[in-house]
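Read off the chains here:
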Amino acid sequence: MRSAWATVLFLLVVPVFFVATSSDARADFRVCNATQNLVGVGIGYRAKTGWVTEGWWHIEASTCKTLIEGPLSSRFYYLYAEDSERGGRWDGPINMCVADKEFKIAGVTDCVARGFQRAGFKEYDTGEQASWMVQLTDEPATDGTAAVTGTNSQ
């Protein structure tokens, strides 16, 4: 009788265990820090209410963080990052607002007049994918700046 109950219990628990531990592909926007230094990251995107910038995510060396959870709702995302230890940055030509401390800023114009700083963000065209990953590296790009790569992470 005990072995019958043990078998029933085993058959009930094992499928639940595998469902709970399976690693389904998640849809989100992740940034991976492939450097040996702490990096601060800000992201910009177009929401239903207009342009928004958010930050700072602090990403330790050789780790990743999810900046936006769930399926991506925009095609274009914008990223700005700073090396907290060496002072380098990953940037681009698209000006958006940032702040010294944690921030969520509506709008991307008149940054200084509104008490924020202006920073150049790099654009990522996700091609309307549900998930995207950007990797920050120390490797120089062809123009001499630090490389930043973005890929569909599905």
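My aim in this report is to walk through the structure given alongside it, one point at a time. (Residues numbered from 1 in each chain as written. Predicted model: local features only at pLDDT ≥ 70, side-chain atom pairs only at ≥ 80, totals over all residues. Heavy atoms only, no water.)

Regarding the state of the cysteines
A covalent bond bridging the sulfur atoms of two cysteines is what the word disulfide describes. Inspection of the entire model under this criterion finds two disulfides. Linked covalently through their sulfurs, Cys32 and Cys64 form a disulfide whose S-S length is 1.9 Å. On the sign convention where negative is left-handed, the bridge of Cys32 and Cys64, at about 105° about the S-S bond, is right-handed. Taken together, the residues span a long stretch of sequence, with Cys32 in strand 1 (residues 28–33) and Cys64 in strand 4 (residues 63–69) at a distance of 32 residues. The exposure class assigned to Cys32 is buried, which follows from its relative accessible area of 9%. Disulfide pairing places Cys97 opposite Cys111 at an S-S distance of 2.0 Å. (Disulfide = S-S within 2.5 Å. Helix = DSSP H or I, 4+ residues; strand = E, 2+ residues; numbered from the N terminus. Buried < 20%, exposed > 50% of the residue type's maximum accessible area, 1.4 Å probe, protein only.)

What to know about unusual backbone geometry
Residue Trp56 is reached from Gly55 by a cis peptide bond, and omega for that bond is -10°. Structurally, the position occupied by Trp56 is in strand 3 (residues 50–59). With a phi angle near 55°, Ser62 is a residue other than glycine that sits in the positive phi range. Along the chain, Ser62 turns up in the loop between strand 3 and strand 4.

Quick notes on the side chain of Asn33
Along the polypeptide, Asn33 turns up in strand 1. Only 2.6 Å separates the side chain of Asn33 from the side chain of Thr35, close enough to count as a polar contact. Residue contacts for Asn33: discarding those within four places in its chain leaves Leu38, Val39, Ile59, Glu60, Ala61, Ser62, Thr63 and Leu136. (Polar contact = N/O pair within 3.5 Å; in protein donor to acceptor, adjacent residues only side chain to side chain. Contact = heavy atoms within 4.5 Å.)

Structural notes on the pairing of strand 9 (residues 117–125)
Pairing between strand 5 (residues 76–83) and strand 9: four bridges, direction antiparallel. What sits directly across from Tyr77, in strand 9, is Tyr124. The sheet contact formed by strand 7 (residues 94–98) and strand 9 spans five bridges and is antiparallel. Note on strand 9: the bridge partner recorded for Asn95 is Gly120. (Pairing = 2+ DSSP bridges.)

Describing the nonpolar core
Membership of the largest hydrophobic core comes to 20 residues, with the highest contact counts inside it found for Phe29, Val31, Val41, Ile43, Leu79 and Leu136. Among the elements of the structure, strand 1, strand 2 (39–47), strand 3, strand 4, strand 5 and strand 10 (132–140) are those that each provide at least two residues to this core. Per element, the largest residue contribution to this core is four residues, and it comes from strand 2. Residues Phe103, Val108, Cys111 and Phe121 belong to the second largest nonpolar core, which totals 13 residues. (Core = buried A, V, L, I, M, F, W, Y, C linked by side-chain atoms within 4.5 Å.)

Some remarks on the packing of aromatic side chains
For the coordinates displayed, the defined rule picks out six aromatic pairs. Taking 6.3 Å as the distance between ring centres and 40° as the angle between the ring planes, the aromatic pair formed by Tyr45 and Tyr77 counts as tilted. Residue Tyr45 is located in strand 2, and its partner Tyr77 is located in strand 5; the two are separated by 32 residues in the primary sequence. Tyr77 sits in the buried class, given a relative accessible area of 1%. With 6.1 Å between their ring centres and 50° between their planes, Trp56 and Tyr80 make a pair best called tilted. Residue Trp56 is located in strand 3, and its partner Tyr80 is located in strand 5; the two are separated by 24 residues in the primary sequence. Residue Trp56 shares its accessibility class with Tyr80, and that shared class is buried. One aromatic cluster is present, formed by Trp56, Tyr80, Phe103 and Phe121 through successive ring pairs. Across from the ring centre of Tyr124, 5.7 Å away, lies the NZ or CZ of Lys122, which sits over that ring. (Phe/Tyr/Trp six-rings, centres within 6.5 Å; stacked < 30°, edge-to-face > 60°. Lys NZ or Arg CZ within 6 Å of the ring centre and 35° of its normal.)

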